[in-house]
Structure formats: structure tokens, C-alpha cells
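# Secondary and tertiary structure notes
Chain residues, written in single-letter form:
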Amino acid sequence: MPHVGALQARDEARNVGGGGWTGRGRGVVVESASVTDWLQRWRAGDRDALDRLLPLVYTELRQVADRAMRHERGAVTLQPTALVHEAYLKLIDASRVDWRDRAHFLATAARAMRQVLVEHARARGALKRDGGERITLSSVDPPDPRHTVDLLALDQAMAQLEALDARKARVVELRVFGGLEFSEIGALLELSRATLDRDFRSARAWLYRALVLDGSGPGP
Amino acid sequence: MIGGGRTLSLFDALLALPDAERDAFLARECAGDAALRAELDALLAADAAAEGFLDASATLPDARTDERVGPYRLLHELGQGGMGRVFLAERADALYHKRVAIKFLRLDLGDLRARFANERRILAALDHPGIAKLLDAGSDARGAPYVVMEYVEGEPITRHCESARLDVRARIGVFLRVLDAVQHAHAQLVVHRDLKPANILVAPDGTPKLLDFGIAKLLESDARELTVTGLAPMTPEYASPEQVRGDPIGTASDIYALGVLLFELLAGERPYSIATLTPAEIERTVCDTEPARPSAVAATRQRARIDRDLDQVVLKALHKEPGGRYASCAQFGDDLRRYLDGLPVMARATSTAQRALKFVRRHRWGVAATAAVALALVAGAGLALAQARRANEQAAVASAERDRAQRVTAFLTGMLSAADPAQGGREVTVASLLDAASKDLDRELGTDAETAASVQSTLAQSYRALGLFDPALREAQAAYDRLAAASPAARAAAALVLAQVRIERGEPDAALPLLEHARATFDGDPVTALERAAADNLLGELHSQAGRYAEARRHYAEAIATVRERLPPQSTRLGVLLDNLGVTQGRAGDPVAAEALHAEALAIFRQVRGDRHPHTAHVLFNLANVREMRDDFAGADAAFLEAESAMRATLGETHPELAQTLASHTFMLNRAGRHADAVARGREAVAAAAALVPPHPMSAYAHAMYGESLLNAGQAQEAVVELQAAADQRARMLPADHPVRLNSESLLGAALAASGAREDGRARMQAALDRLRATLGEQHEFTKRAARRLERFGAR
């Protein structure tokens, strides 16, 4: 397994998601009623609405991710939550939705985001086999190596976790790829805050062990 | 796979228990199942270490957009970091629509309103155009503490410098404005503690603005302590050693963080890659590892623009001890302004260890014509580089090689930083450092033959640079022997170093088989084409020195073809090869071809290294000599003057390369009949050689050229003193019949004769002439000049 931290882009100028306070606010809120509409219809119980919603979210996320990586050569560190929020700002008319719509959107986007990033990582890996094209994720900006993890390794480990405890894997997915607040995750999955905290902490320890302590740990 | 479903649910239960009850739980649940117990212990250990992993903001309060906080309405999230999350907000009461940034801090920080009131006077004093104002503080309905700040639109300073494509001087200009703002805050006794690019935004008009100034003050004011460990925000990449250790923090910590920032602005990378997840690892890296120079880290394009003075300024700010850094931002800024004005910087007056490091690093790949040469220590030995390139093809090998390169670097930088600054002369200190490293080698690196060999090859290069050829040979030979069982390519790389030492010791016969074998080894693999070119470069020099010019030209031509094919057209390796081929053409009596080659090399070095780089100056020196050979004295004079000016600026007033250039210039002025100018230039040559410990080839050369110009100018008494010094030194360095030594004898004889000691002088001139005729023949330039001299000064 390759190193987690060693290959991440250390040049902040290459990183995505905005280091300053303006980075993420750039996206203008575009009037895009259809997504907002589908979202509200879905929440109201229209199951078909999700089928209409997903492709729109997926397409937007892919564009956001493409944009984020277009000018990047070598290793890239991404903040998926920043990308999801950027897509959210573009697709959703914030004045018309409440927090539940936001949570549903982000929950939908979390899974799509994970797929989009894994596709990107695989495509890059196929292009260059020397390992220099790694995509890593970070939860903070600027990326801190302690919070940075290789995307494909994380995806694999999460698949393993899913087999053991699907709910824990979903909590991590919502938090890391969707950027949902814990209160939103708790409401969505109908979990108490104590249970949710424990799920996240337990999953985090399991993933930390799989990704850092075993095999793919950082170099000295 | 780690842990089954049952393990995980047991772990959940374990997490729900208070610490005190965990042991009993583990003993009960794992009775008789050691594997399960080990699994759970491992997960507990992971849990302890995983704080912040995947989600640094897990400990931060939730916050939602479109919510009211005091008189403000949150618009959307701007960003988040380890310390808090930031939202863009505007006043909800519509009194005025000024936008602000609201930063929510960790829940355990409590209500900040009272503290903000207490500190209002100090925070108001932070009023400065380069500092974003703190407007308010408090806690929201859920108890989450927050601060309200002036909203700044801009991009992080690092990204701004890239996107605006600022050159080095412009980057320093922006950085100076940051220093001014920090200086203002320090004058109010406010320390930032978390300076980093994300906190320094540059507006579209180029004005930098610092965020978060005063927050640390706000947090500390209750405790009345210097340290607020745990509360204090800290970004490991920018944290000073004292900060990482949890020691008291002062203005010096901000200066350190600014040093990291300047490093990053210049080199494009930070001094340390903290590629580790444990705090202990971070502490070791920040506290114990000496940073590389920015110029050693920078991409080639940038490297040329970062000279040694600038390196020193950055390294001074990054000093491990607060007392070793600049005492204030004002002092830091003054030194940078001195740098911009082309004045020597204060940071140059540094410790002996750093001077030694600088000295040893003065690397030429092989501007072999003359000149002292050293290998870049930190760039690593040739071995490590050769292998690193090969490693590109195999990722698995790559990490092992990187690891080795890092260990070599760590060993050597450790050795240099351990130097005793109390020791005397620079040369002595470097030599003693190398001796100490050589002794430590087996103890520290004994188990790994390739790492030890890398270090020994590097030591050999460093000894070479000091002209200490015996230990250089010892280390180079040992490295070569150590690799008897290693890969042929690794052994061949060590052979190159050994051969270079042999050539410089005047043992070309011993070098030739090594080089030919190494060349054949590299020839077998397209990946090592550049190593083959390195072998060709040395073979070219070897044959050129022996007068086999056709052979030399063939090797240079092959190397040039390889380098042209493999490297960009502006590579310095190509420049070196063209320059060396030029020297050969000059020696072969074709100064026209030589001049064209030197001119081409010069264009490359000007482009890549800049006009005032020592390498550029060296090529200018070669160009000047060739012009002198062509009797183009005006052209030679101009090239000499430019070379001297660049060397004075970059190498200092006393340096062997400068002495050599001035001495050659003196020779040229003599030939041009400008005797008064020659005397003046010769005096400067001797002054530039003053720091050299005799006997030294450049010292002898300077005295000889000065003496000859004094003789030509009719100052025979003074000439005797200089020429005697030159002859004495050469008698101690060169064999009896060496042409340079004989030429020196002849000159001294002429001066003695001219000063009145006619018989003694005549006899010396006659003896030297006889030996020159016997060894070089009647037609050699030296023989002819000695004969003319005897005729002119020896007349009865």
C-alpha cells in the first residue's frame, strides 16, 4: 500500500476548496428550480422524484470535481464536503428550502460524490502508473496531513466496513463525502446523538486502524 | 479483514463505558479469546490516535446557514479548519448591509463576550490596514462561542503569488507588507500564534490582510498565561518548535511561522513535509530536523532566483531556538530590504555549521575546467539520485529509495549541524566535520551498505571540494568497495566519484578503466543514459587533459547528444558539457570553436541561473580566456569584469574562483600592454587569495600574475617578493620539472636580475630554460617566453 501523506500535494495553490474565506463562496446561487422542486417532491413522498434528482446531482458534482482537478497535475488533495457545498449552492435555491431539504440533498450527494471521486481516481491511476497522480481527501483546509487520506484506499476500507456494519459506513459517508452536520445525520437515520457519536467514533477507529496502522501507514 | 461484526459491536459497547470499567469488560468478554482481546486493544489504540482523522471538525459545534446569530444572519459557510468554522453573514436588522465573517469556535471555549469586553482596548489598538478587525464576540443560542470579524475578500497569499505569477522580488514585496502588519500587532503585545496562508488573504489590488489576529489574545486573557495549550490553534506545518513542544510562546513563534511562509513563497513547498499522523513524529520533525535551504527544494525554474543570501534569511527565521531568529519583524524586514538593495544580509553572519554547510554545498556537476568543486550534500550523493530516477518505474522501489535518500540527508545534515562553532577557520572546521562523520559512519549506518556508500561518496565529494584528496580517495574507494555485491548501476555510480577523485589527484591511468567500465554498465540500460553522459563528461575531461582531443571531443559529443535528447534545451547539464567542450577546443588550439561553445553555454546559464550566479560567472571566465587567446582584449576585458562583479556579489571578496579570475585578467592586461591596470588588478587578485592557506594553487597563481605585472611595470623589488611567494608555494606543491613550477622559477630569476641580483637571476633563468627545453621542447609557449625573458633581463 502506498503512503498516505507522502504523495499529497503540498503546494497549497494546487488544492481545491478555498483556503480563505472566499474560496467556497464563489459559486453564485443559480436559479435552478427543478432540483429544488424534485427535492421537495421527494421529501413529500414522491419516490420517482429521486430518479429525476440523482442524475442532476451527479452531473453537477462531476462538473464541480472536473473543475477542481482540471488544472491539477500530480497529486491532488480534495475536500469533498467543499465540493458538495459548491454543488449545493449552484443547484438549490436557498430561499425556498429548509434544513431537511438541505440534508436530503447532501445525503443524496454524498453517495454520488464518493462515486465521482473514485471514478476520477481510477481514471488518473490508469493514465499514470507511477503513483504520482494520487488523489487524497482532507477534511480541513488547508489540508493537514494528519487528516488526509488516500481516496481509493478509503473507498475500499469503507466497502469492507459496509459488509460489517452498513450503518456505520453510511454515517461516515454522510459526514465525510456529504458534509452533513451530525444533527442532520441523526435526524435522517433516526439515531440518538449518543448512538450517532459512538457509531462515528467506532467507525473512525476501525478505519484509522485499516488505513493508517495497518499497511498504508505514513512513512517515518 | 480487520475485526468482525461482533468485534465492532463489542467495541461500541466498550466505548460507551467509562474508562474505569473497560478492563473488567474486556476480561469478561474476551475470556479465553486472545485474538478478540488483541483486536479490541488495537481498536482502542486506534481510537486514541484517531482524533480528527477523516473529520477534524467532529468536535466543532453544528451550525446552519440561514440562522440568526445576535444581530447577524448567516449566509453560507466560508470554510472550516481545526479551530472553527467560518460563515459569511450580514446584519439582519438591515441597518446597514455590511458583510462580516463569523467564526464559531469549539464548544468548550465558553462565552467570549466578557473576554471581548475586557480586551476591547487592546483589540482596538490592532487597527491597521493589514489586519482584519475583530468586531464582536459572544455565544449563540446553543452556547457555541463565536467571534465576528471584518469580512475579507481575497485569496491566500500563496495562491495569490502563483496566480499573479509574481517573481521573487514581488513576492518579497508582498511578504514585507505582511511583516509590517505583524510588527504593528507585536508592538501592541499581541501575538497571532497561527499565521499561515489561509490566514493571510491578498485582495485583488494586492493588499495582504491578516485574519484571526487577536483571537489567541482573547482566548488567553482569562488564564493570564503565555501558553494556552489545548486552546491555542496550531497548524503543525507552521508551528515553531516551542509551540509543538507546548513551551511558552512569544513573538518569536510568529517570526518562525513567517519564516515557513517565506520559505513556501520562494520554494513552492514548505520546509517540512509532515507526512505523519502522530504528534510525536511531528514534534521530532519540527524540533530536531534542520530544514533544507529553499533553493535546494525549489523547482529548477525558481531555484536560480533564490540565492544564498535569501536562503540564509529564511533559515535565520526558521532557527530552532527563538533567540537564534530575528529579534523582531522589523529586523526581519530590514534584512529583506537589504537583500532587495543588493547589500549583504545580516543572516550571513551565521553559525559555523551553517557556513560549513554552505561551503560544502557549492556544487558543480562538473564545470571541470578549473575551480574547486563540491557536491550538493543535501541533494544527496549521485547514487541516491540515480536510483531515485530509476525508481520512477517501480513505485515499490521508490519508497525504499526515498527512505534511503532521506537517511543520507538526515545523517549529513545532522553531522553538519552538530559542528562546533567555536572552532577556528572555516576550512579546518569543514574538514573536521567530515572526519567526524567518517568516523561515525559505521556506527550509525553500518547495517545498510548502500546508504553507507551514499554517505561515503558524498563525503568524498566534499573532501574533493576542500582539496583534501587523500581522504577523498579513501572515502570514494570505500564506497566503491562496499558496493561489491550491489547492483552494477549502483557500483558504477560510485565508480564515477572514485574516478573523478583519481583524475584530480593526477592519476588518470587509474581513473580510465573505472570510467570505461562504468560507462559500459550505464550503456546497457536506457534509464541510465544520463549517468552514461556523466561518465562521458569525465572521460572527456580525462582525455582532454592528456591531450587526446579527438577522443575527448567524441565523448563530449555523445554526452551532449544524450542530454539534448533527454533534458529540456535549457538544462545546466548541457551548459556544463558545452563549456567543457569549449575548454577542450581551446586547449586543442581552436579558440574560434571554443568561443562559440562558451557563448552557447553562457546563454543557457544566463537563462537558467541568472546573470549573477557563480556558474554563469565561471562560464564568463572561460569565455574571457578564449577571447584573450584570440587577442580580443576588449572582449576579454568586458567578460572578465562581468565575471568579477558577479563573483564578488555571490562568492564574496575572498574566494579562490575570484582570485583565479582576477589573476587571469591580470595576465590578459599584461599581454595587452596595460601594465598599470595589470598591477592594480594583480593586487586585487592577491587580496582575493588572502584567505587561502598556502600552499594553494590559486594563491600561487595570484602572486605570480601580480609579480609579473610588477616586473613589467618596472617595480622589480616588489616583483621579487611576489614571485618568491609564488615559487615557494609551487615548489611545495608540484614536482621538480613541472612546467608551471619552471615558469615560476624563470620569472623569479628575471625579477632578481632586474632588481640587481644579476648573476643569481641569470643562473635561475638559464636553469629553468634548460629544463623547459628538455621537457616541453623548443616550440612550447613557456619555453619561448623563458628564452625571451633570459634575453631581456639576463643581458650582461
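Residues numbered from 1 in each chain as written. Chains lettered and ligands numbered in written order. Predicted model: local features only at pLDDT ≥ 70, side-chain atom pairs only at ≥ 80, totals over all residues. Heavy atoms only, no water.

## Here we look at the overall build of chain B
Scanning chain B for helices and strands turns up 36 helices and nine strands. Across the 796 residues that make up chain B, the buried fraction comes to 55%. Working note: accessible area of chain B is about 31,600 Å², and carbon and sulfur atoms make up 52% of it. (Helix = DSSP H or I, 4+ residues; strand = E, 2+ residues; numbered from the N terminus. Buried < 20%, exposed > 50% of the residue type's maximum accessible area, 1.4 Å probe, protein only. Areas by Shrake-Rupley, 256 points an atom, 1.4 Å probe, with all protein chains shown as cover.)

## Points about the overall build of chain A
Secondary structure summary: chain A contains eight helices and three strands in total. Ordered by position from N to C terminus, the α and β elements of chain A give α-α-β-α-α-β-β-α-α-α-α. Every one of the 220 residues in chain A was classed for burial, and the buried ones make up 60%. Contacts spanning at least 24 positions in sequence make up 71% of the contacts within chain A whose residues lie at least 6 apart. About 8,500 Å² of surface is accessible on chain A, with carbon and sulfur atoms providing 49% of the total. (Contact = heavy atoms within 4.5 Å.)

## Quick notes on the environment of Ala533(B)
Residue and element names in this part refer to chain B. Within the element layout of this structure, alanine 533 appears in helix H24 (residues 529–545). Judged by relative accessible area, which is 0%, alanine 533 ranks as buried. Taking C-alpha positions, alanine 533 is 9.4 Å from aspartate 523, a pair spaced 10 residues apart along the chain.

## So, the packing of aromatic side chains
For the coordinates displayed, the defined rule picks out four aromatic pairs over all chains. Ring centres of Phe175(B) and Phe332(B) lie 5.5 Å apart, and the angle between their planes is 65 degrees; on these two criteria the pair is classed as edge-to-face. Here Phe175(B) is found in helix H7 (residues 168–187), whereas its partner Phe332(B) is found in helix H15 (residues 329–340), with 157 residues between them in sequence. Taken individually, Phe175(B) and Phe332(B) each receive the classification buried, so the pair is uniform in this respect. Taking 4.9 Å as the distance between ring centres and 10 degrees as the angle between the ring planes, the aromatic pair formed by Tyr326(B) and Phe332(B) counts as stacked. Phe332(B) gets classed as buried once you look at its relative accessible area, which sits at 0%. An aromatic cluster of three or more residues is present, and its members are Phe175(B), Tyr326(B) and Phe332(B). The ring of Phe182(A) has Arg175(A) sitting right over it, with the charged end atom 4.2 Å from the ring centre. Its guanidinium or amino end placed over the ring of Tyr326(B), Lys316(B) lies 5.5 Å from that ring's centre, counting from NZ or CZ. (Phe/Tyr/Trp six-rings, centres within 6.5 Å; stacked < 30°, edge-to-face > 60°. Lys NZ or Arg CZ within 6 Å of the ring centre and 35° of its normal.)

## With respect to the pairing of strand S6 (residues 145–150) of chain B
Residues and elements named next belong to chain B. Counting buried residues in S6 gives six out of six residues, a clear majority hidden from the surface. Direction of pairing for strand S4 (residues 99–105) relative to S6: antiparallel, over a ladder of five bridges. From the neighbouring strand, alanine 101 faces S6, where its bridge partner is methionine 149. In this sheet, S6 lies alongside strand S5 (residues 134–139) in antiparallel orientation, the contact comprising five bridges. If you follow glycine 138 over to S6, its bridge partner there is tyrosine 146. (Pairing = 2+ DSSP bridges.)

## Notes on the packing of helix H10 (residues 251–267) of chain B against helix H14 (residues 308–317) of chain B
Residues and elements named next belong to chain B. Put simply, H10 and H14 touch, their axes get as near as 7 Å, and they point 145 degrees apart. The way H10 lies across H14 gives a crossing that is left-handed. For the pair H10 and H14, the contacting residues are Ile255, Tyr256, Gly259, Leu262, Phe263 and Leu266 in the first and Leu310, Val314 and Ala317 in the second. Split by residue class, the contact of H10 with H14 holds eight nonpolar, one polar and no charged. (Axes fitted to C-alpha atoms, helices over the stretch in contact; angles between N-to-C directions. Left-handed = near helix turned anticlockwise from the far one by under 90°. Nonpolar A, V, L, I, M, F, W, Y, C, P; charged D, E, K, R; others polar.)

## Focus: the confidence of the model for chain A
Residue and element names in this part refer to chain A. With 59% of its residues at a pLDDT of 70 or more, chain A shows a mean pLDDT of 66. Here strand S1 (residues 76–78) stands out as the least confident element of chain A, with mean pLDDT 66; helix H6 (residues 166–177) is the most confident, with 90. In this model residues 1–33 is a low-confidence stretch, pLDDT under 50, and it forms 109 contacts with partners more than four residues away in sequence or in other chains. (pLDDT = per-residue confidence, 0-100.)

## Overview of unusual backbone geometry
If a residue is not glycine, its phi is most likely negative; likewise, a peptide bond is most likely trans. Residue and element names in this part refer to chain B. Despite not being glycine, arginine 165 shows a phi value in the positive range, around 50 degrees. Looking at the secondary structure, you find arginine 165 in the loop between helix H6 (157–163) and H7. Assessed through its relative accessible area of 74%, arginine 165 is described here as exposed. One non-glycine residue with positive phi stands out, namely aspartate 631, at about 65 degrees. If you trace the backbone, aspartate 631 turns up in the loop between helix H28 (614–629) and helix H29 (633–651). You can call aspartate 631 partly exposed: its relative accessible area is 45%.

## With respect to the nonpolar core
Leu61(A), Met113(A), Phe177(A), Leu207(A), Leu211(A) and Phe53(B) are the most contacted members of the largest nonpolar core, which has 69 residues in total. Of all the elements, helix H4 (residues 99–127) of chain A adds the most residues to this core, at 11 residues. Setting aside residues up to four positions removed in sequence, Met113(A) forms contacts with Leu61(A), Ala65(A), Pro80(A), Leu83(A), Val84(A) and Phe177(A). (Core = buried A, V, L, I, M, F, W, Y, C linked by side-chain atoms within 4.5 Å.)

## Considering the pattern of salt bridges
Taken as a whole, this structure holds 53 salt bridges over all chains when the rule is applied. Across the pair Arg193(A) and Asp197(A) runs a salt bridge, and its minimum N-O distance is 3.0 Å. Taken as a pair, Arg193(A) and Asp197(A) lie in helix H8 (residues 193–213) at a separation of four residues, close to a single helical turn. Under the relative-accessibility criterion, Arg193(A) is labelled partly exposed at 40%. For Asp197(A), a relative accessible area of 35% translates into the label partly exposed. Measuring nitrogen to oxygen at the nearest pair gives 4.0 Å for the salt bridge that ties Lys133(B) to Glu150(B). Taken together, the residues Lys133(B) in the loop between helix H5 (120–125) and S5 and Glu150(B) in strand S6 connect sequence positions 17 residues apart. Using a relative accessible area of 36% as the deciding quantity, one classes Lys133(B) as partly exposed. The buried category is assigned to Glu150(B), whose relative accessible area is 17%. Through salt bridges with shared partners, one network takes in Arg111(A), Arg114(A), Asp155(A), Glu162(A), Arg170(A) and Glu173(A). (Salt bridge = Lys/Arg side-chain N within 4 Å of Asp/Glu carboxyl O.)

## Re helix H25 (residues 549–566) of chain B
Residue and element names in this part refer to chain B. End to end, H25 covers 26 Å across 18 residues, agreeing with the expected 26 Å (1.5 Å per residue, within 8%). When H25 is considered as a whole, its buried residues turn out to be Ala552, His555, Tyr556, Ala559, Ile560, Thr562 and Val563. Mapping the buried residues of H25 onto a view down its axis gives an arc of 165 degrees, with all of them on the same face. Seen from the open side of H25, the exposed residues pointing more than 90 degrees away from its buried face are Ala550 and Glu565. Lining the buried residues of H25 we find helix H23 (508–523), H24 and helix H26 (572–587). (Expected span 1.5 Å × (residues − 1). Arc of directions from axis to C-beta.)

## Overview of the sheet that holds strand S9 (residues 208–210) of chain B
Residue and element names in this part refer to chain B. Reading across from one edge, S7-S8-S9 is the order of the three strands in this open sheet, with antiparallel pairing throughout. The open sheet has two edge strands, strand S7 (155–156) and S9, and neither has a second partner. Where H7 meets the sheet, it contacts strand S8 (200–202) and S9, and its direction lies at approximately 35 degrees from that of S9.

## As for the confidence of the model for chain B
Residue and element names in this part refer to chain B. Within chain B, residue pLDDT values average 78, and 77% of them lie at 70 or more. Helix H17 (residues 382–391) is the least confidently modelled element of chain B, averaging 36 in pLDDT, while helix H31 (residues 675–688) averages 94, the highest of any element. pLDDT under 50 marks residues 350–398. Its contacts with residues more than four places away, or in other chains, come to 124 contacts. Quick note on the complex model: pTM equals 0.43, ipTM equals 0.73.

## So, helix H34 (residues 739–755) of chain B
Residues and elements named next belong to chain B. With 17 residues, H34 ought to run about 24 Å at 1.5 Å a step, and its terminal C-alpha atoms sit 24 Å apart, in line with that. Packing partners of the buried residues in H34 comprise helix H32 (697–712), helix H33 (716–733), helix H35 (758–776) and helix H36 (781–793). Just past H34, the residue glycine 756 takes up positive phi, approximately 120 degrees.

## Here's the deal with the side chain of Asp47(B)
Here Asp47(B) shows up in helix H3 (residues 34–49). Here Asp47(B) falls in the buried class, since its relative accessible area comes to 9%. Here Arg201(A) takes part through its side chain, which lies 2.9 Å from a polar atom of the side chain of Asp47(B). Those residues within four positions of Asp47(B) in sequence are excluded, and the remaining contacts are Arg201(A), Arg204(A), Ala205(A), Phe11(B) and Leu15(B). (Polar contact = N/O pair within 3.5 Å; in protein donor to acceptor, adjacent residues only side chain to side chain.)

## So, the packing of H25(B) against H26(B)
In helix packing, the relevant descriptors are the interaxial angle and the interaxial distance, both defined with respect to the helix axes. Residues and elements named next belong to chain B. Axis separation between H25 and H26 bottoms out at 10 Å; the angle between their running directions is 165 degrees. By the angle between their axes, H25 is roughly antiparallel relative to H26. Considering only the axes of H25 and H26, their crossing is left-handed. From H25, Tyr549, Ala552, Arg553, Tyr556, Ala559, Ile560, Val563 and Arg564 reach across to H26, where they touch Arg573, Leu574, Leu577, Leu578, Asn580, Leu581, Thr584, Gln585 and Arg587. Of the residues that constitute the contact of H25 with H26, the class distribution is 10 nonpolar, three polar and four charged. (Parallel < 35°, antiparallel > 145°, perpendicular 65-115°, else oblique.)

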